Amino acid sequence: MTNTTFPQQRPFLVIGATGKTGGRVVDRLERSGLPVRRASRTSTTIFDWTDRSTWKPALDGAGAVYVTYQPDLIAPTSTADLTAFVAAAEEAGVDRLVLLSGRGEPEALACEQIVLTGGIPATVLRCSWFAQNFSEAFLVDGIRGGELVLPVGSVGEPFLDADDIADAAVEALTGTGHTGRVYELTGPRLLSFADATAEIGEVLGRDIAFVTVPADDYRAALLAEGVGEEFTEMVMTLLRTSLDGRNEFLTDGVREILGREPNDFSDVAKRAALQGVW
Ligand SMILES: NC(=O)c1ccc[n+]([C@@H]2O[C@H](COP(=O)([O-])OP(=O)(O)OC[C@H]3O[C@@H](n4cnc5c(N)ncnc54)[C@H](OP(=O)(O)O)[C@@H]3O)[C@@H](O)[C@H]2O)c1
């Protein structure tokens with residue numbers, strides 16, 4: 001954080017406060033003694049992207065807002081929701097927006113433009129795949145079970161530590177010079193999913209297999225597990241587009257906003273292993 005005497009008294013609203021990045025943003029703001037309003041469907045302040053009646057009470061009196069969209073910016077609802085949300089935030093007197101976005105998705109780019117051109121000073125954090133998808137999200141069970149199955153080949157992805165995202169978000173929420181900026185954040189190394197799985201196995205001292213399956217088989221498996229059709233199609237689109245090679249490059253976004261190198265995937269794996277995640 002560049003300005004530890006930030007004068008804002010109005011609470012920072014964190015949407016997705018129980019999530020991988022939102023929770024970390026909350027922790028950092030609170031450790032700095034800043035007022036925080038935690039929001040999500042199950043947080044103290046109820047906020048639900050699918051129920052617009054919850055937006056105004058959450059926004060009223062808030063200063064800066066950390067915006068994480070659910071289920072994903074690639075969802076067909078995202079642009080309409082973000083348009084309405086920015087209007088509601090402006091009406092509520094919000095003075096800063098920081099949007100968590102994803103790389104290489106046309107829908108995410110459209111949402112970024114909505115936020116950047118909406119009349120409230122805004123910053124975008126356009127992020128690569130989170131390293132914590134392996135330890136705090138949908139890949140965790142495969143790692144625990146000793147076999148990770150995905151319709152993904154040898155493409156390299158620069159997995160990004162959610163701690164780096166949270167540091168960047170807090171800087172964008174509290175620092176100066178970030179208005180209108182898009183920071184493209186990646187980790188420091190390209191790793192295939194097989195590489196990443198093997199690194200976790202090395203940290204744990206046991207073999208974890210990575211198996212590539214055809215997309216149709218993976219789709220069928222999700223449906224058989226009871227995942228809804230709409231959500232399944234969204235996941236398939238997300239996997240297909242974000243991992244087709246278009247994002248197979250590194251950026252210096254973490255250095256640009258934080259003035260330091262991004263954390264390595266192996267650091268995240270070691271931390272998660274120490275916490276007994278797997
Ligand atoms: N994961 C990645 O690798 C990645 C990479 C780039 C960008 N992103 C973007 O990051 C965002 C967050 O995704 P994530 O998968 O990492 O999730 P996450 O932030 O770890 O967790 C979901 C959070 O959203 C809340 N939430 C769920 N449904 C909600 C709803 N309908 N309304 C309000 N809050 C809701 C959850 O809390 P409650 O259950 O209490 O509501 C939780 O706080 C997405 O927009 C995604 O596009 C993700």
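What comes next concerns the included structure.

Basis of the calculations
Residues numbered from 1 in each chain as written. Predicted model: local features only at pLDDT ≥ 70, side-chain atom pairs only at ≥ 80, totals over all residues. Heavy atoms only, no water. Core = buried A, V, L, I, M, F, W, Y, C linked by side-chain atoms within 4.5 Å. Buried < 20%, exposed > 50% of the residue type's maximum accessible area, 1.4 Å probe, protein only. Helix = DSSP H or I, 4+ residues; strand = E, 2+ residues; numbered from the N terminus. Contact = heavy atoms within 4.5 Å. Near = heavy atom within 4 Å. Polar contact = N/O pair within 3.5 Å; in protein donor to acceptor, adjacent residues only side chain to side chain. Areas by Shrake-Rupley, 256 points an atom, 1.4 Å probe, with all protein chains shown as cover. Nonpolar A, V, L, I, M, F, W, Y, C, P; charged D, E, K, R; others polar. Axes fitted to C-alpha atoms, helices over the stretch in contact; angles between N-to-C directions. Parallel < 35°, antiparallel > 145°, perpendicular 65-115°, else oblique. Left-handed = near helix turned anticlockwise from the far one by under 90°. Salt bridge = Lys/Arg side-chain N within 4 Å of Asp/Glu carboxyl O.

### Observations concerning the nonpolar core
Thinking step 1. Among the nonpolar cores identified, the biggest contains 30 residues, and F134, F159, F193, I200, F265 and W278 are the most heavily contacted of them.
Thinking step 2. Those elements that provide at least two residues to this core are α5 (140-145), β7 (147-150), α7 (193-204), α8 (215-224), α9 (229-242) and α11 (265-274).
Thinking step 3. Among the elements that take part in this core, α11 stands out by supplying four residues, more than any other.
Thinking step 4. Dropping the residues within four chain positions of it, F193 is found in contact with W129, F134, L139, L150, V152, V155, E157, F159, F210 and L243.
Thinking step 5. W49, A62, V67 and A108 belong to the second largest nonpolar core, which has 28 residues in total.

### Focus on the site of the ligand
Thinking step 1. T18, S40, R41, T42 and Y69 are the nearest of the 23 residues found near the ligand.
Thinking step 2. The side chain of D72 places a nitrogen or oxygen atom 2.8 Å from an oxygen atom of the ligand.
Thinking step 3. For the ligand, an oxygen atom lies 2.9 Å from a polar atom in the backbone of F130.
Thinking step 4. Contact with the protein chains removes 85% of the 890 Å² of surface that the ligand exposes when unbound.
Thinking step 5. In terms of residue count, the dominant contributor to the shell around the ligand is strand β5 (residues 96-102) (three residues).
Thinking step 6. Looking at side-chain class alone, the shell around the ligand contains nine nonpolar, ten polar and four charged residues.

### Focus: the packing of α7 against α11
Thinking step 1. Two numbers describe how α7 lies on α11: the axes approach to 9 Å, and their chain directions differ by 45 degrees. When the axis of α7 is compared with that of α11, the two are oblique. Relative to α11, α7 is oriented so that their crossing is right-handed. Taking contact as the criterion, the partners of A196, E199, I200, V203 and L204 in α7 are, on α11, F265, S266, A269, K270 and A273.
Thinking step 2. The class makeup of the residues in the contact of α7 with α11 is seven nonpolar, one polar and two charged.

### Let's talk about the side chain of S135
Thinking step 1. Examined against the element boundaries, S135 turns out to sit in the loop between β6 (122-127) and α5.
Thinking step 2. The contact partners of S135, leaving out residues within four places of it in the chain, are V140, A272, V277 and W278.

### What about the pattern of salt bridges?
Thinking step 1. Overall, the coordinates contain 23 salt bridges when judged by the stated rule.
Thinking step 2. In this structure, D81 and R52 form a salt bridge, with 2.8 Å as the shortest nitrogen-oxygen distance. With D81 in helix α3 (residues 78-91) and R52 in the loop between β3 (45-46) and α2 (55-59), the pair connects residues that are 29 residues apart, well separated along the chain.
Thinking step 3. For D81, a relative accessible area of 8% gives the class buried.
Thinking step 4. The exposure class assigned to R52 is partly exposed, which follows from its relative accessible area of 44%.
Thinking step 5. Within the structure, one salt-bridge network assembled from shared partners comprises R24, R28, E136, D161, D163, D164, D167, R260 and R271.

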